[in-house]
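Chain residues, written in single-letter form:
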Amino acid sequence: MTGVILGGLPALAAAATIARALIRRRPSGLARPTAVCALLSLTTTATATTGPSSFWKLPEAALLLLLIAAVTRWSPVRELRVAVPLAVLAVAVWPAPLVDGGFLERTGAASFWLLPALGAAAVGAYPRRMDLRRRAAVGEARRAQRLQLSRDLHDFVAHDVSGIVVQAQAARFVAATDPSQAVLALERIEKAGLNALETMDRTIRMLDEEEAPDTLLQPPGVHRLAALVDDFTDSNGTATRLLLPPDVLEAFTDAPETSAVAYRIVVEALTNIRRHAPRAPRAEVRFVHAPGGVELHVTNEASRTPPGPRTGPLRRGGGRGLPALAERAEALGGTLTAGPYEKDGWRLVAVLPLRTARTIPAKEPK
């Protein structure tokens, strides 16, 4: 009678472990009790003989299979590394003392019972892996969202804020001598501030809404470049010319992603002109034909010496503007380069493909 009770001890412990986890609803704490149950099972297997005590071994193995699946599914990795191998071993070797035969027969029985033990581990591992992949996907989506937010803030808000800084400096410089010009500068500051607020509101709405409408997610494209260039000319004093042929503008209609990247490149280029060449007399934004796409050229002359003292320094430095845009251009299959141009000037050249049914015929830039 004592042998029967001792033989059933691992099965009772395994059943108690499962019941305790169900009552407390804490399946993640099964690893250590499972390891204890497995050690008890191995001990009774090592001392077992054919008799009444062997009655408990089959239900014991069934309960251990449930624990293997549960531990693999919910327990921390550092804990299941011990509990699961012990439980798998206990399930595999339980029939060994009951098999009549030599080493090969017992090894065959252990191999046979190893399969359901591994199957139980696989049953627990599959949903665990799906959870990990889901969490990784959610984390990647959040990182992409933060990256998109930082790019929007850098590309658009920084452009408007730099315009505000320039206009504030200009207003301070002319306020005493020409109040009317100061009033105009204040009007431009107000407009740039409203544009920055609109961009921030759009970005926040995109983050808040789970399924934002397409009109909200669609960034500005080349169709808004004329207004952008006009605002830049008015606020910076740099005579900026936009050369955007109608056929190029029409081709961008079927390539909204390329259009958005082109707009961002122009915004970043004009912002850099404002920061690093605030008194440049002229600048040009020019689109020319390229095989399968377009080339975008943004050039500016060297900054002129201001007629009077500067009322405050422009902010130097910045973020990852051009490198980030170069990555975007490369992702589309294009390129982006920038460097000195003529005498102390600067030029940015971006080659952007247009993946449309209609391709623009290649022409040499004039």
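Residues numbered from 1 in each chain as written. Predicted model: local features only at pLDDT ≥ 70, side-chain atom pairs only at ≥ 80, totals over all residues. Heavy atoms only, no water.

**Topic: the pattern of salt bridges**
Then comes step 1: In total, this model carries five salt bridges according to the counting rule given.
Then comes step 2: A salt bridge links Arg143 to Glu140; the nearest nitrogen and oxygen atoms lie 2.7 Å apart. Of this pair, Arg143 and Glu140 both sit in helix H5 (residues 103–174), separated by three residues, roughly a single helical turn.
Then comes step 3: Residue Glu140 is classed as partly exposed on the basis of its relative accessible area, which comes to 46%.
Then comes step 4: For Glu284, the salt bridge is made with Arg241, and the minimal N-O distance between the two is 2.3 Å. Taken together, the residues Glu284 in strand S2 (residues 282–290) and Arg241 in strand S1 (residues 239–243) connect sequence positions 43 residues apart.
Then comes step 5: With relative accessibility at 14%, the residue Glu284 sits in the buried group.
Then comes step 6: For Arg241, a relative accessible area of 48% translates into the label partly exposed.
Then comes step 7: In this structure, a network of salt bridges that share partners links the residues Arg241, Glu284 and Arg286. (Salt bridge = Lys/Arg side-chain N within 4 Å of Asp/Glu carboxyl O. Helix = DSSP H or I, 4+ residues; strand = E, 2+ residues; numbered from the N terminus. Buried < 20%, exposed > 50% of the residue type's maximum accessible area, 1.4 Å probe, protein only.)

**Focus: the pairing of S2**
Then comes step 1: Counting buried residues along S2, eight of its nine residues qualify, which places the element largely inside the surrounding structure.
Then comes step 2: In the sheet, S1 pairs with S2 via five bridges, with the strands oriented parallel. Bridge pairing in S2 links Thr240 to Ala283.
Then comes step 3: As consecutive antiparallel partners, S2 and strand S3 (residues 293–300) are separated by two residues, and within that stretch Gly292 has a phi angle of approximately 75 degrees, a positive value. (Pairing = 2+ DSSP bridges.)

**A word on the packing of helix H2 (residues 31–46) against helix H3 (residues 57–74)**
Then comes step 1: Direction vectors running N to C along H2 and H3 enclose 150 degrees, while the axes themselves pass 10 Å from each other. Between H2 and H3, the crossing angle belongs to the class labelled roughly antiparallel. Crossing angle aside, the handedness with which H2 passes H3 is left-handed. Across the interface between the two elements, Ala31, Thr34, Cys37, Ala38, Ser41, Thr44 and Thr45 from H2 touch Lys57, Glu60, Leu64, Leu67 and Val71 from H3.
Then comes step 2: The residue inventory of the contact of H2 with H3, partitioned by class, reads six nonpolar, four polar and two charged. (Axes fitted to C-alpha atoms, helices over the stretch in contact; angles between N-to-C directions. Parallel < 35°, antiparallel > 145°, perpendicular 65-115°, else oblique. Left-handed = near helix turned anticlockwise from the far one by under 90°. Contact = heavy atoms within 4.5 Å. Nonpolar A, V, L, I, M, F, W, Y, C, P; charged D, E, K, R; others polar.)

**Focus on the packing of aromatic side chains**
Then comes step 1: Tallied over the full model, the rule gives three aromatic pairs.
Then comes step 2: Centroid distance Trp94 to Trp113: 5.2 Å. Interplanar angle 70 degrees. Geometry classified as edge-to-face. Of the two residues, Trp94 is situated in the loop between helix H4 (77–93) and H5 and Trp113 in helix H5; the sequence distance between them amounts to 19 residues. For the pair shown, Trp94 and Trp113 are each scored as buried.
Then comes step 3: For the pair Phe112 and Trp113, a centre-to-centre distance of 6.2 Å together with 85 degrees between the ring planes defines the contact as edge-to-face. (Phe/Tyr/Trp six-rings, centres within 6.5 Å; stacked < 30°, edge-to-face > 60°.)

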